[in-house]
Amino acid sequence: MRTLNLVGAGRVGQTLARLWQQQGSFAVQDVLTTSLSRAELACASIGAGRAVDSPQALRPADVWMLAVPDAQIAAAAQALAAALPADAAPALAFHCSGALGHGLLAPLAERGWQTASAHCILSFASVDAAVAQFAGTACALEGDPAACEILRVAFTAIGAQCFGVATEHKLLYHAAAVFATNFLPVLQSVAEDAWRSSGVPAELIPGLRRMLLQNAVANITTLGPAAALTGPAARGDTAAIARQAQAVTAWDAQAGAAYEALSALALRMAGKT
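Computed from a prediction, not measured in an experiment: that's the story for all the values here.

Trainee: Give a detailed account of the overall build of the protein, specifying residues and quantitative values.
Mentor: Of regular secondary structure, the protein possesses 12 helices and 8 strands. Its C-alpha atoms put the protein at 70 × 40 × 35 Å along the principal axes. Burial status across the protein gives 37% buried among its 273 residues. Taking the intrachain contacts of the protein between residues at least 6 apart in sequence as the baseline, contacts between residues at least 24 apart amount to 60%. Accessible surface, the protein: about 14,200 Å² in total, of which carbon and sulfur atoms supply 59%. Side chains of the protein carry 16 positive and 18 negative charges; the gap between the two charge centres is 7 Å.

Trainee: Please set out the pattern of salt bridges residue by residue, giving values where relevant.
Mentor: All told, the structure shown has 7 salt bridges when counted by the stated rule. The partner of Arg18 in a salt bridge is Asp128, with the nearest N and O atoms 3.0 Å apart. Of this pair, Arg18 sits in helix H1 (residues 11–23) while Asp128 is found in helix H5 (residues 127–133), placing the two residues 110 residues apart along the sequence. Salt-bridge contacts for Asp193 lead to Arg196; the nearest nitrogen and oxygen are separated by 3.0 Å. Taken together, the positions of Asp193 and Arg196, both in helix H7 (residues 170–197) and 3 residues apart, correspond to about one turn of that helix. We classify Arg196 as partly exposed; its relative accessible area is 42%. Taken together, the shared-partner salt bridges in this structure form one network comprising Glu192, Asp193, Arg196 and Arg209.

Calculation notes
Residues numbered from 1 in each chain as written. Predicted model: local features only at pLDDT ≥ 70, side-chain atom pairs only at ≥ 80, totals over all residues. Heavy atoms only, no water. Helix = DSSP H or I, 4+ residues; strand = E, 2+ residues; numbered from the N terminus. Buried < 20%, exposed > 50% of the residue type's maximum accessible area, 1.4 Å probe, protein only. Contact = heavy atoms within 4.5 Å. Areas by Shrake-Rupley, 256 points an atom, 1.4 Å probe, with all protein chains shown as cover. Lys, Arg positive; Asp, Glu negative; His and termini not counted. Charge placed at Lys NZ, Arg CZ, Asp CG, Glu CD. Salt bridge = Lys/Arg side-chain N within 4 Å of Asp/Glu carboxyl O.

What follows is the structure, given as structure tokens:
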């Protein structure tokens, strides 16, 4: 069984490491994160691994997962490369960013390592929830072909549906995931603020949230986005859109700009432009 070292041990790293440890694709070996105590907690969550407090303490491994924030990937790769013994055998390293390519791991590639990135389209709200929800998750792989093949086998073994993304398309790919997930809470928050400002009783808002979101998700899932579209854009009622945009802008300029932009996209989707 291949050994796995984990650099960065947040929810993504812990989830994947636990799944691989349980399934048997990788044996989790060493875990390095922001502090020794956090690494120890991560090992307990994963159910395996040895907590360490520096890159120099990491033992050689077959696969290295850099599950650190995007802004720290390049520095983590540089620190790891600098800590490697001169005679260290090449290994496979990958990071978990959706927006950034494997080029950030260049310090390791220069040491002869295979490098890649792997991004799972899943909201990692908690480790336990993500582990339970992981089966069927789409996973984008990018990087050296040999590295991507090893990762494809490993991710498939824990239930992922893998596909390739070209390096130059990673930003657009990840922006799509932001549209699909991260903006939904923002839009809901704006809607609820507007309801409060227009006099909707506060006690009714949780019910509106639950009913409208559940119905919208059910319609999109069953019918697809275009057929699920309702409202003035679906009818091509540009006059109503203009009046509402004016009202929203008077209430909140940023929300008004968002309303206009989203309405334009809705009209395009409905074939009304």
